[in-house]
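Descriptive structure summary
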Amino acid sequence: MLVFPNAKLNLGLYITSQRPDGFRNLESVFVPLPWTDALEVLPAPETTLTLTGIPIPGEPATNLCLRAYELLRADFNLAPVHLHLHKVVPIGAGLGGGSADAAFALRALSDLFQLGLPPEALESYARRLGSDCAFFVRNKPVFAYEKGDVFEEISLNLSGTACKVIYPGLHISTAEAYARVQARTPRHDLRATLAQPLETWRATVSNDFEEALTPHYPVLGELKSALYAAGAAYASLSGSGSAVYGLFPGLQVPPTMQLPAGYQVWDGQL
Ligand SMILES: C[C@@](CO)(OP(=O)(O)O)[C@H](O)COP(=O)(O)OP(=O)(O)OC[C@H]1O[C@@H](n2ccc(N)nc2=O)[C@H](O)[C@@H]1O
Ligand SMILES: Nc1ncnc2c1ncn2[C@@H]1O[C@H](COP(=O)(O)OP(=O)(O)O)[C@@H](O)[C@H]1O
């Protein structure tokens, strides 16, 4: 079975309070971004994981695809599988790539072994692997709150919006990013501001990580300015970074931008 775990973008992100479990409560809107890895799951004599594409930091045993398999095996006594992950989506980018691999692995294993797990059950397994992992089970635009793992579906009309995502080759760990941010009351209701025309978002929609991280990583501010200079109607850091995206209205193809070697770019429609 071959699946293509996609990335996500955060449209606005507010870190609202500290939780007793050490995590933060947040408010954000998650949308799927069709920048994908490829993951193959096959029955095999023993469980193995092979990796190609972008190198993933850490031991293969800690890979979220294997952790997803082990989580289901503990409850369903699964037969062994061979997993092959071809990694394309940048890591430490705020694009949720590892979380997507985990959620797609859960879905693929449920299908392969005909476990018949409904989305609610898959989300509950996914939450145990990472806060934003459950988003990728249904993979539809949502308003996310609490740890970023409780969702309310929202309708957003982004069809015909061109998007450019730039990853400056800078790995920012999610834990480090959270450690740099102070929780505070959100300035706006994201559902209300995102319901307004794209051109208004620049004044009303923001990401708390951006303000906290830009003084430490000036390239984030430079990329955002470059996207606005290239005609973006809205530009922002995604999640905890370091990827920065620009939204260009009216099916307009984003202009070519001169970027240093080592940067990765995704251009397309949302
Ligand atoms: C920031 C966000 C925004 O969408 O995405 P990314 O930028 O990583 O893609 C998410 O909250 C990332 O979710 P995820 O990457 O699954 O984080 P986890 O593995 O659960 O947690 C990693 C670390 O981040 C911190 N953390 C995470 C989520 C949260 N609500 N509060 C936290 O304080 C904790 O220090 C935790 O140990
Ligand atoms: N399949 C995977 N893809 C990417 N990262 C993975 C994967 N499995 C485990 N990881 C671990 O997760 C970390 C990336 O998480 P994180 O910094 O939250 O990324 P992002 O901000 O892109 O969501 C990596 O450093 C890596 O150690």
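The rules behind these values
Residues numbered from 1 in each chain as written. Chains lettered and ligands numbered in written order. Predicted model: local features only at pLDDT ≥ 70, side-chain atom pairs only at ≥ 80, totals over all residues. Heavy atoms only, no water. Helix = DSSP H or I, 4+ residues; strand = E, 2+ residues; numbered from the N terminus. Buried < 20%, exposed > 50% of the residue type's maximum accessible area, 1.4 Å probe, protein only. Lys, Arg positive; Asp, Glu negative; His and termini not counted. Salt bridge = Lys/Arg side-chain N within 4 Å of Asp/Glu carboxyl O. Polar contact = N/O pair within 3.5 Å; in protein donor to acceptor, adjacent residues only side chain to side chain. Contact = heavy atoms within 4.5 Å. 1 Å grid on protein atoms, 1.4 Å probe; cavity = no way out; pocket = protein on both sides within 12 Å on 5 of 7 lines; lining within 4 Å. Points joined across faces, edges and corners; volume = space filled by probe spheres on them. Nonpolar A, V, L, I, M, F, W, Y, C, P; charged D, E, K, R; others polar. Near = heavy atom within 4 Å. Sits in = over half its atoms within 2 Å of the grid points. Areas by Shrake-Rupley, 256 points an atom, 1.4 Å probe, with all protein chains shown as cover.

Concerning the side chain of K8
- By the secondary structure assignment, K8 is in strand β2 (residues 6–18).
- D132 provides the closest opposite charge to the buried, salt-bridge-free K8, at an N-O distance of 4.0 Å.
- For K8, the side chain forms a polar contact with the side chain of N10, separated by 2.6 Å.
- A polar side-chain atom of K8 sits 3.0 Å from the main-chain carbonyl oxygen of G94.
- Sequence-distant contacts of K8, that is, excluding residues within four places in its chain, are made with V31, P32, L33, G94, L95, G96, D132, F135, F136, S238 and G239.

What to know about the layout of surface pockets
- Taken as a whole, the largest pocket encloses approximately 1,000 Å³ of empty space.
- Along the walls of the largest pocket sit 42 residues, with L64, G96, S99, D132 and T174 positioned nearest its centre.
- Elements that contribute at least two residues to the lining of the largest pocket include exactly β2, β3 (24–36), α1 (64–76), β6 (81–87), α2 (97–112) and α5 (174–179).
- Ranked by residues supplied to the lining of the largest pocket, first place goes to α2 with 4 residues.
- Of the residues belonging to the lining of the largest pocket, the class tally is 17 nonpolar, 18 polar and 7 charged.

Notes on the site of ligand 1
- In the vicinity of ligand 1, 20 residues are found, and the nearest of them are R24, S131, T174, Y178 and S240.
- A distance of 3.0 Å separates an oxygen atom of ligand 1 from a polar atom in the side chain of K8.
- Between an oxygen atom of ligand 1 and a side-chain N or O atom of D132, the distance comes to 3.0 Å.
- Comparing atom positions with the cavity grids shows ligand 1 to sit within the largest pocket.
- Those elements giving two or more residues to the shell around ligand 1 turn out to be β2, β3 and α5.
- A class-by-class count of the residues in the shell around ligand 1 yields 7 nonpolar, 9 polar and 4 charged.

Looking at the site of ligand 2
- L64, A93, G94, D101 and T174 are the nearest of the 18 residues found near ligand 2.
- At 3.0 Å from an oxygen atom of ligand 2 is found a main-chain nitrogen or oxygen belonging to G94.
- Its free accessible area being 570 Å², ligand 2 has 81% of it covered by the protein chains.
- Among the detected pockets, ligand 2 sits in the largest pocket.
- Going through the elements one at a time, β6 and α2 are the ones with two or more residues in the shell around ligand 2.
- Considering only residue class, the shell around ligand 2 consists of 8 nonpolar, 8 polar and 2 charged.

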